[in-house]
Amino acid sequence: MGPTRAQFIQYAPAALALASVTAGPWSALAAAAAGAGAWAVGASAPALRSLIACGITTSGCGIAAHQILTTGMNPVFALGLAVPAGAAALAHHRNTGAGLPVLPATTAAGQSSQAQVITAWWTEFICGPTQTEGRKLIQAGATLAHLSLDVGEEHVSFSGVITVAQGQQVRVKAADIASVYRVPVSQVEMGDPKHYAPNALPVTVHLRKAPELPEQPGISAGAPSTPEELWAAHVAVPDGAMPGTTLTLTRYDGPLDWEGIATRERKAIGTVNIQDLAGNLDLSSIQIALAPTDKPSQMGVRVMKEHALMHGTMLSDVVDELAMDSRGYVRLGTYIDTHAALVPLAQPGSGARHLYLVGGSRSGKSGVLEQILLSAHRSRIAVILSSPQAGTIAGASLAAHCGDGLDEAMGALRLAYALMLDREARYRSPSFPFTDPLILSVIDEAHMLLSVSSPYHAEAKAIVEQMTRRSLKRGIGVVLATQTPLAEDLGNSSIIRSQLLIGGGAVFLRCAKGQGSLVGANAVEGAEGIDLSMIPSSWPGQYAKVADRDMTGLDTEAAAGPEDGTFGLGYLLTPGSQAVQFRSLHLDVPPTSLSGGQPPVAVEDCQAWRQREAIAQTPVVDQRGKNLIGSLTDLLTKTEQGPAALPQQRAQTAPAGSAPASDGQELIKPRILELLREGSIPMTVEIIARKLGTSANKIKPRLSELKKRGEVTNENGLWRAA
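Residues numbered from 1 in each chain as written. Predicted model: local features only at pLDDT ≥ 70, side-chain atom pairs only at ≥ 80, totals over all residues. Heavy atoms only, no water.

Caption draft 1: A look at the overall build of the protein. Scanning the protein from terminus to terminus reveals 22 helices and 22 strands. Residues counted as buried form 44% of the 722 residues belonging to the protein. Taking the intrachain contacts of the protein between residues at least 6 apart in sequence as the baseline, contacts between residues at least 24 apart amount to 63%. Carbon and sulfur atoms make up 54% of the accessible area of the protein, which totals about 36000 Å². (Helix = DSSP H or I, 4+ residues; strand = E, 2+ residues; numbered from the N terminus. Buried < 20%, exposed > 50% of the residue type's maximum accessible area, 1.4 Å probe, protein only. Contact = heavy atoms within 4.5 Å. Areas by Shrake-Rupley, 256 points an atom, 1.4 Å probe, with all protein chains shown as cover.)

Structure representation (structure tokens):
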């Protein structure tokens, strides 16, 4: 059997090179004959060009060798002319090669022929140690380890790990590998360096890819379609939101309505970024809810076409669940799984419980506070309410004592502290019988009292720190509400936050962007990774609904539905659990209308309660604003001496050249009226505050109250007596 066409084209130049040494000028005729034969068997144009070039080179070498031999020169010189002839033959061999051959056969050394070729090319062009003169290696020492082949009928690929010495970093790029193996860059897949060691990087090269099947309309060929496939392709990958996890469905009612359990084998899942997960699944963040389980290696996942809490739970529908049960829990809302969301206000045999509430403007925080006031009323719990921002709590009438306004709110806080001291004096045993009612000290907008900029910062911080530490055993719980979870809102006190979370639950609602992170310095155990600013202010599709204008006039009897906004949507953290998404009850009726017409629950008759007016006006710290009074006797003695403003507060509020004002000695409202009646021109809030030697924050709520009573008027920010 004669040689094939491919063999003839491949090995003819080598034969010509050898013949040129011995045959002399006749090698040119041989080269011409070989070229004619290659053309006759249908060789490609590149092969013909390479063969002709090879023939010319070998012919020249042959003529020169013949002349050397005929002149009697040393034959060694003639033999040396075979070197360029051999180089020409090797070049022809490379030029006519049609890529890497697919040879799955295994050699005796245990490595297939194709694997040997891949390794040889990698060594020659990428890592060395061999190096052709004038050509620089891509990265010396970057060997290809753990080589494996994937050879099929229509595809060929190989995988391995690019490895360099310890302490070095892999610098080989996909474009470098593509140029060596003559494939498009898109057929080279390299691992993300941030997920691997610097000196080891996996790589996969598709030498030949299978032809792509025609795509069906709207569906990519081979694209994942089921939730498990989507999860494996986008979420469980190294750069996905939950790498290394698998999804097991527990309910499936469509591609946008399913539940499942994500599991990571023998490893904790850790913190999950809900935004990254939504991006992986091509959904909005409001369509996804996570529910931690008892196992750190598992996480519940729920995908919703329409959010389960969009239509809310009506307050009037669950009136019977607002009072405390035998465990001390009341219903605050509904979890994402439609179960009742409960928070403790008391613990049988132990005392009261704290509650930490965070929510920005229009998040539903005030509605949650009104709901808590109603639950306390129906549970026969007395309430001491501190509301620095006057007139913001509609359910204030349910409180036994209400401090409405900055000064009055501080007075209510002093009263709550005095009641704790009174009970400590009367009940020496921590487990006293609760013949007295439980008390909730509710502090709304606590940052107005606790922040460093507040005139009552030192006193309020000292009181709240002591109450969160000592009041639970005395049957007094603290419900503290702020606009952000930042430490500044709590007077930079880590004690207050930790004691609130240890002593009860926490409610986290939407906050402004940049203020809702609970990560890092503001971390809350059980709520790691939650960003409250990512809670949307409206449901998907709400923008289109708002765009449909109705020009028929304002409907004064229309009531907002729960689907009109995400009020009350947030996370509930109860003792010993993880924060779970929930929504507070929708106030379809005013909470006060469900009080049954009963008067507020009264505080027991005791010395602190009988002296409440004097106590509310008496600072409970010393003249330096420090050293909190620690006993009821000392506090009552100070009230008999008469209240006096702290020097620290005078320095903050009194302007130069004016007499120091003492808001504790005389009420500020009569002073405002007197100033406006004496003045001949209207004044701004800032002018009134400067003349009275106090801050504008103290004046604004008082002016609002006087305006409601019709004693002052306001025109374009200018105030005058009515």
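After that view, the rundown keeps rolling.
Caption draft 2: Structural context of the packing of aromatic side chains. In total, this model carries 4 aromatic pairs according to the counting rule given. Taking the centre distance of 6.2 Å and the plane angle of 20° together, the rings of Trp 121 and Tyr 181 count as stacked. Of the two residues, Trp 121 sits in helix H6 (residues 113-127) while Tyr 181 sits in helix H7 (residues 174-181), which places them 60 residues apart along the sequence. Assessed through its relative accessible area of 22%, Trp 121 is described here as partly exposed. For the pair Tyr 356 and Phe 508, a centre-to-centre distance of 6.2 Å together with 85° between the ring planes defines the contact as edge-to-face. (Phe/Tyr/Trp six-rings, centres within 6.5 Å; stacked < 30°, edge-to-face > 60°.)

Caption draft 3: Main features of helix H13 (residues 457-470). Taking 1.5 Å of rise per residue, 14 residues should cover 20 Å, and H13 covers 20 Å from first to last C-alpha, within 8% of that figure. Regarding H13, the residues found buried are His 457, Glu 459, Ala 460, Ile 463, Val 464, Glu 465, Met 467 and Thr 468. (Expected span 1.5 Å × (residues − 1).)

Caption draft 4: Summary view of the packing of H13 against helix H14 (residues 494-502). In the contact formed by H13 and H14, the axes pass within 9 Å of each other and the chain directions differ by 30°. Classified by the interaxial angle, the pair formed by H13 and H14 is roughly parallel. In this structure, the crossing between H13 and H14 has a hand that is left-handed. On the side of H13, the interface is formed by Lys 461, Val 464, Glu 465, Thr 468 and Arg 469, while H14 contributes Ile 495, Ile 496, Gln 499 and Leu 500. (Axes fitted to C-alpha atoms, helices over the stretch in contact; angles between N-to-C directions. Parallel < 35°, antiparallel > 145°, perpendicular 65-115°, else oblique. Left-handed = near helix turned anticlockwise from the far one by under 90°.)

Caption draft 5: The arrangement of the sheet that holds strand E7 (residues 288-292) in detail. Pairing is antiparallel across the open sheet formed by 4 strands, whose spatial order is E5-E6-E8-E7. Each having just a single partner strand, strand E5 (245-252) and E7 make up the two edges of the open sheet. Geometrically, the sheet is characterised by an average inter-axis angle of 25° between neighbouring strands, direction not taken into account. Pairing of E7 with strand E8 (residues 298-303) involves 5 bridges; the strand directions are antiparallel. Bridge pairing in E8 places Ala 291 opposite Gly 300. (Pairing = 2+ DSSP bridges.)

Caption draft 6: Highlighting the sheet that holds strand E1 (residues 143-151). Pairing in this open sheet of 4 strands is antiparallel, and the strands run E1-E2-E4-E3 from one edge to the other. The strands lining the two open edges of the sheet, one partner per strand, are E1 and strand E3 (188-190). With strand direction ignored, the average angle separating the axes of adjacent strands in the sheet is 15°. In terms of strand pairing, strand E2 (residues 156-163) meets strand E4 (residues 200-208) through 8 bridges, oriented antiparallel. Residue Ile 162 lies in a different strand from E4, and its bridge partner there is Leu 201. Where H6 meets the sheet, it contacts E1, E2 and E4, and its direction lies at approximately 145° from that of E1. Across the sheet, H7 touches E2, E3 and E4, and the angle it forms with E3 is around 145°.

Caption draft 7: Region of the structure containing the nonpolar core. Counting residues in hydrophobic clusters, the biggest one holds 103 residues, and the most contacted among them are Ile 384, Leu 419, Leu 440, Leu 449, Leu 480 and Phe 508. Considering every element that reaches this core, the biggest residue donor is helix H11 (residues 406-426), with 12 residues. Sequence-distant contacts of Phe 508, defined by excluding residues within four places in its chain, comprise Tyr 356, Val 358, Leu 518, Val 524, Ala 527, Leu 532, Gly 570, Tyr 571 and Leu 573. By size, the runner-up hydrophobic cluster in this structure holds 23 residues, among which are Ile 126, Cys 127, Ala 142 and Ile 177. (Core = buried A, V, L, I, M, F, W, Y, C linked by side-chain atoms within 4.5 Å.)

Caption draft 8: Structural detail: the environment of Gln 578. With respect to the helices and strands, the residue Gln 578 is situated in the loop between strand E19 (569-573) and strand E20 (580-584). For Gln 578, a relative accessible area of 37% translates into the label partly exposed. Separated by 284 residues in the primary sequence, Gln 578 and Asp 294 have C-alpha atoms spaced 9.5 Å apart. Filtering out sequence-adjacent residues up to four positions away, Gln 578 remains in contact with Pro 292, Gly 526, Glu 528, Leu 572 and Leu 573.

Caption draft 9: Spotlight on the pattern of salt bridges. In this structure the tally under the stated criterion is 20 salt bridges. Its salt-bridge partner being Glu 705, residue Lys 669 comes within 2.4 Å of it at the nearest N-O pair. Of this pair, Lys 669 sits in helix H20 (residues 668-678) while Glu 705 sits in helix H22 (residues 696-708), and the two are 36 residues apart along the sequence. Relative accessible area serves as the criterion here: at 21%, Lys 669 is assigned to the partly exposed category. A salt bridge links Arg 709 to Glu 711, with the shortest nitrogen-to-oxygen separation between them at 3.1 Å. Here the salt bridges do not stand alone but share partners, grouping Arg 251, Asp 253, Asp 257, Glu 259 and Arg 302 into one network. (Salt bridge = Lys/Arg side-chain N within 4 Å of Asp/Glu carboxyl O.)

Caption draft 10: Summary view of the pairing of strand E10 (residues 340-344). Pairing of strand E9 (residues 329-335) with E10, which is carried by 5 bridges, proceeds in the antiparallel orientation. Among the inter-strand pairings, Val 330 is bridged to a residue of E10, identified as Val 343. Once E9 ends, the chain turns through 4 residues before running back antiparallel as E10, passing Thr 338 with a positive phi of about 75°.

Caption draft 11: Examining unusual backbone geometry more closely. The phi torsion at Arg 266 lies on the positive side, around 60°, for a residue other than glycine. Within the secondary structure, Arg 266 sits in the loop between strand E6 (258-264) and helix H9 (274-280). Residue Arg 380 is not a glycine yet carries a positive backbone phi of 60°. The partly exposed category is assigned to Arg 380, whose relative accessible area is 41%.

Caption draft 12: Quick peek at the pairing of strand E16 (residues 439-443). Across the 5 residues that make up E16, a large majority, 5, are buried. Taking every second residue as pointing to the same face, both faces of E16 are buried, with Ile 439, Ser 441 and Ile 443 on one and Leu 440 and Val 442 on the other. Two strands pair when backbone bridges link them, and strand E14 (residues 382-387) and E16 are joined in this way by 5 bridges, in the parallel orientation. Looking at E16, one finds that Leu 385 is bridged to Val 442.

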